Amino acid sequence: MMLKNKVVMITGVTQGLGKALTLTFAKEGAKLAVCARRENVLAEVKREAEALGAEVLAIKADVSLSRDAEKFVALAVKEYGRIDVLINNASILGPSPMPLLLDFPEEDFVEVIRVNSISPFLVARRVLPVMLKQNEGSIINVTSEAGHIGYAGWGAYGISKFAVEGLTETWADELSDTNVRMNMVDPGEMNTEMHALAVPDCDYELADPSDVVNVFLYLSSDDSRKINGQRFQAQEFNQEGL
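Below is a summary of the structure that appears in this document. These figures come from a predicted structure and were not determined experimentally. (Residues numbered from 1 in each chain as written. Predicted model: local features only at pLDDT ≥ 70, side-chain atom pairs only at ≥ 80, totals over all residues. Heavy atoms only, no water.)

## Let's talk about the overall build of the protein chain
A count of helices and strands for the protein chain gives eight helices and seven strands. On C-alpha atoms alone, the protein chain measures out to a radius of gyration of 17 Å, which is about the 18 Å that the 2.2 N^0.38 rule sets for 242 residues. For the C-alpha atoms alone, the extent of the protein chain along its principal axes is close to 45 × 40 × 40 Å. In the protein chain, which comprises 242 residues, the share counted as buried stands at 50%. Summarising the internal contacts of the protein chain: among those between residues at least 6 apart in sequence, 71% fall at separations of at least 24. Summed over all atoms, the accessible surface of the protein chain reaches about 11400 Å², with 50% contributed by carbon and sulfur. Each charge class in the protein chain was averaged separately, 23 positive and 35 negative side chains, and the resulting centres sit 11 Å apart. (Helix = DSSP H or I, 4+ residues; strand = E, 2+ residues; numbered from the N terminus. Rg over C-alpha atoms; globule rule 2.2 N^0.38 Å. Buried < 20%, exposed > 50% of the residue type's maximum accessible area, 1.4 Å probe, protein only. Contact = heavy atoms within 4.5 Å. Areas by Shrake-Rupley, 256 points an atom, 1.4 Å probe, with all protein chains shown as cover. Lys, Arg positive; Asp, Glu negative; His and termini not counted. Charge placed at Lys NZ, Arg CZ, Asp CG, Glu CD.)

Shown next, in the form of structure tokens:
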């Protein structure tokens, strides 16, 4: 899988899966455009990726806001001239412990939906014209098991990921006659700060974020050129050794 010099955009990179993806793609020789809301932590991730030899454009941005999504993509295109891969990873959990829907505060519900469901739409909408013009590209949206099956107590987070899955399937169908593809990845349960907030009494082993990156490498490579509109489970993908 040749990823050297591919331009890879990743949202929400300051911790967990986003950071693991950034460092993995840095090792693969990709040119990176990354963003997050916490500027000081973002700067540290940028330094770590550059220490691995990567070229990194790091932008403070809240991509659930149209102006920030526009800025992030515009600066990436200005810097690199093209975009080969977009990974929509940025998300928030909402209140912890997560209340049942009957007790879910309206403002928190709206904020989770906005960040988790609106941001992939805003960034992809801005990236797609670039990819369609260059006649190739891969967009990968991060989903969750809670976005595939409704679980009591997963509140707005699960519902927001249902929206991400619908967004992916709808857009993939609209892209079916092009050389641009859109897929989604469920990374499974991982040892992250977000999981600790979601399942504070977790008593079972969790995957490390760096262990679930293989499917993202595959979907970013030319090996997956014909794959569109599919849902991948990252931990099963690893086990199958594809």
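## Describing the packing of helix α1 (residues 16–27) against helix α2 (residues 39–51)
Contact geometry for α1 and α2: axes closest at 8 Å, N-to-C directions at 25°. Taken together, α1 and α2 sit at an angle that is classed as roughly parallel. Regarding α1 and α2, the two cross each other, and that crossing is right-handed. Between α1 and α2, the contacting residues are K19, T22, L23 and A26 on the first element and V45, E48 and A49 on the second. Here the contact of α1 with α2 is built from residues that sort into four nonpolar, one polar and two charged. (Axes fitted to C-alpha atoms, helices over the stretch in contact; angles between N-to-C directions. Parallel < 35°, antiparallel > 145°, perpendicular 65-115°, else oblique. Left-handed = near helix turned anticlockwise from the far one by under 90°. Nonpolar A, V, L, I, M, F, W, Y, C, P; charged D, E, K, R; others polar.)

## Observations regarding the pattern of salt bridges
Per the stated rule, a full pass over the model turns up 14 salt bridges. Of the charged contacts, one joins K6 and D222 as a salt bridge, the two residues approaching to 3.3 Å between their closest N and O atoms. Of the two residues, K6 sits in the segment before β1 (7–11) while D222 sits in the loop between α7 (214–220) and β7 (231–233), which places them 216 residues apart along the sequence. We note a salt bridge from D68 to R67, for which the minimum N-O separation is 3.9 Å. Its relative accessible area of 13% is what places D68 among the buried residues. Through salt bridges with shared partners, a single network forms among K6, R82, D84, E136, D222 and R225. (Salt bridge = Lys/Arg side-chain N within 4 Å of Asp/Glu carboxyl O.)

## Considering the packing of helix α3 (residues 66–80) against helix α4 (residues 106–134)
Running from N to C, α3 and α4 point in directions that differ by 30°, and their axes come no closer than 8 Å. In terms of orientation, α3 lies roughly parallel with respect to α4. As α3 packs across α4, the resulting crossing turns out to be right-handed. Contact residues: S66, A69, E70, V73, A74 and V77 in α3; L122, V123, R125, R126, V127 and V130 in α4.

## Brief notes about the environment of S220
In this fold, S220 is placed in helix α7. Residues within four places of S220 in sequence aside, it is in contact with L3, K6, F25, V85, S138, I140 and R181.

## Structural notes on the pairing of strand β3 (residues 55–60)
As defined by bridge partners, strand β2 (residues 31–36) adjoins β3 across six bridges and the pair is classed as parallel. Paired with V34 across the strands is A58, a residue of β3. What joins β2 to β3 is α2, and the crossover it makes is right-handed. (Pairing = 2+ DSSP bridges. Right-handed = clockwise from strand over helix to strand, strands pointing away.)

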